Amino acid sequence: MHPYLKQILETHTVLTPEGHSREINSQISLEQGLFLQRLLREIRPRVTLEIGVAFGISSMFTCEVLQESGALKHICVDVGPLRKEGTGELDRYGLGLLNLERCGYGALVEAHELPSEIALPHLLQKGQKVDFVFIDGWHTFDHCLLDFFYANRLLNVGGAIVFHDADGPPVKKVIHYACRYPAYRWLGEIRRRRMLGAGGRSGIRKIGGFALDLFRLLRPNPPTCVALLKVAEDERSWSWYENF
Ligand SMILES: C[S@@+](CC[C@H](N)C(=O)[O-])C[C@H]1O[C@@H](n2cnc3c(N)ncnc32)[C@H](O)[C@@H]1O
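Notes on the structure follow.

Reading the values: the criteria
Residues numbered from 1 in each chain as written. Predicted model: local features only at pLDDT ≥ 70, side-chain atom pairs only at ≥ 80, totals over all residues. Helix = DSSP H or I, 4+ residues; strand = E, 2+ residues; numbered from the N terminus. Core = buried A, V, L, I, M, F, W, Y, C linked by C-beta atoms within 7 Å. Buried ≥ 20, exposed ≤ 12 C-beta atoms within 10 Å, placed from the backbone. Contact = placed C-beta atoms within 7 Å. Near = placed C-beta within 6 Å. Pairing = 2+ DSSP bridges. Expected span 1.5 Å × (residues − 1).

**Here's the deal with the environment of E101**
In this fold, E101 is placed in helix α4 (residues 92-102). Counting along the chain gives 41 residues from E101 to M60, while the straight-line C-alpha distance between them is 9.7 Å.

So this is what it looks like as structure tokens:
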């Protein structure tokens, strides 16, 4: 792990450009970061997309693997703001991007200071394709569904979508729906105390099947992160629907 990321996780603070400490919040846990890294090492994406960057903790875990494997870029989408109004001081997202630079990942990062509902259609319009998406933005059902909708349109076959806060009712509902798509299979999950999925030698669960997925989501200790693998092009007909 990059020493600066380790320091942030230990102190729960980041450094402002002026050298002051600022307490962080909303970030993924160490276990979730390691889960992301294991998935990334299996999938070896060229391009990754993250929706909801904040202080950049999950992006730092991601970029570490991207740098190792010589990947092309990490697209960051966050509504921001980069700077606090009036003072010009860096705000949470600005500090997140600064953290990525401090770790030496600046050349990998393509940053968008926009809500995902605006940024993702723009990326689609310009023909951007990605191999890995981490969804951790606004967690209402409709918003998360919209993020999944565009993530699916942007994602190459063989790529993965990871949902954070998968134990929250709105996100869980979206995952239930996504599991119905014929193009997706359950890839892995992480629960509160111990890691499941993305484990073992292969690091990837190639089994799928909705009954099994539903069973996993309904267990008393539901997953906090869920990864779905895109196994085929999404070729549902215009009238496709499955109860979820
Ligand atoms: C839970 S935090 C992300 C934490 C980050 N993934 C990490 O582990 O460090 C959620 C982020 O989503 C951003 N956000 C909220 N609504 C958004 C939207 N509509 N589009 C993009 N980002 C959004 C917030 O600004 C916030 O930075």
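Having seen the structure, we can now continue with the description.
**Considerations on the nonpolar core**
Of all hydrophobic cores here, the largest spans 70 residues; its most connected members are V133, I135, A160, I161, V162, F163 and L228. Discounting residues that sit within four places of it in the chain, I135 has contacts with I51, C144, D147, F148, A151, I161, V162, F163 and H164.

**Some words on the site of the ligand**
Taken together, 22 residues sit near the ligand, with G52, A54, I57, S58 and W138 positioned nearest. For the shell around the ligand, the secondary structure elements donating two or more residues are α3 (57-69), β4 (73-78), α4 and α5 (116-125).

**Quick word on the pairing of strand β9 (residues 225-230)**
Of all 6 residues in β9, 6 are buried, a share of seventy percent or more. Residues C225, A227 and L229 line one face of β9 and the alternating positions V226, L228 and K230 line the opposite face, and both faces are buried. With 6 bridges connecting them, strand β8 (residues 184-190) and β9 associate as antiparallel partners. Note on β9: the bridge partner recorded for G188 is A227.

**Describing helix α2 (residues 30-43)**
With 14 residues, α2 should reach 20 Å at 1.5 Å per residue; the first-to-last C-alpha distance of 20 Å fits that figure. Along α2, the positions that sit buried rather than exposed are Q32, G33, F35, L36, R38, L39, L40 and I43. Buried residues in α2 make contact with α3, β6 (130-135), β7 (155-164), β8 and β9. One or two residues past the end of α2 sits R44, with phi positive at roughly 50 degrees.

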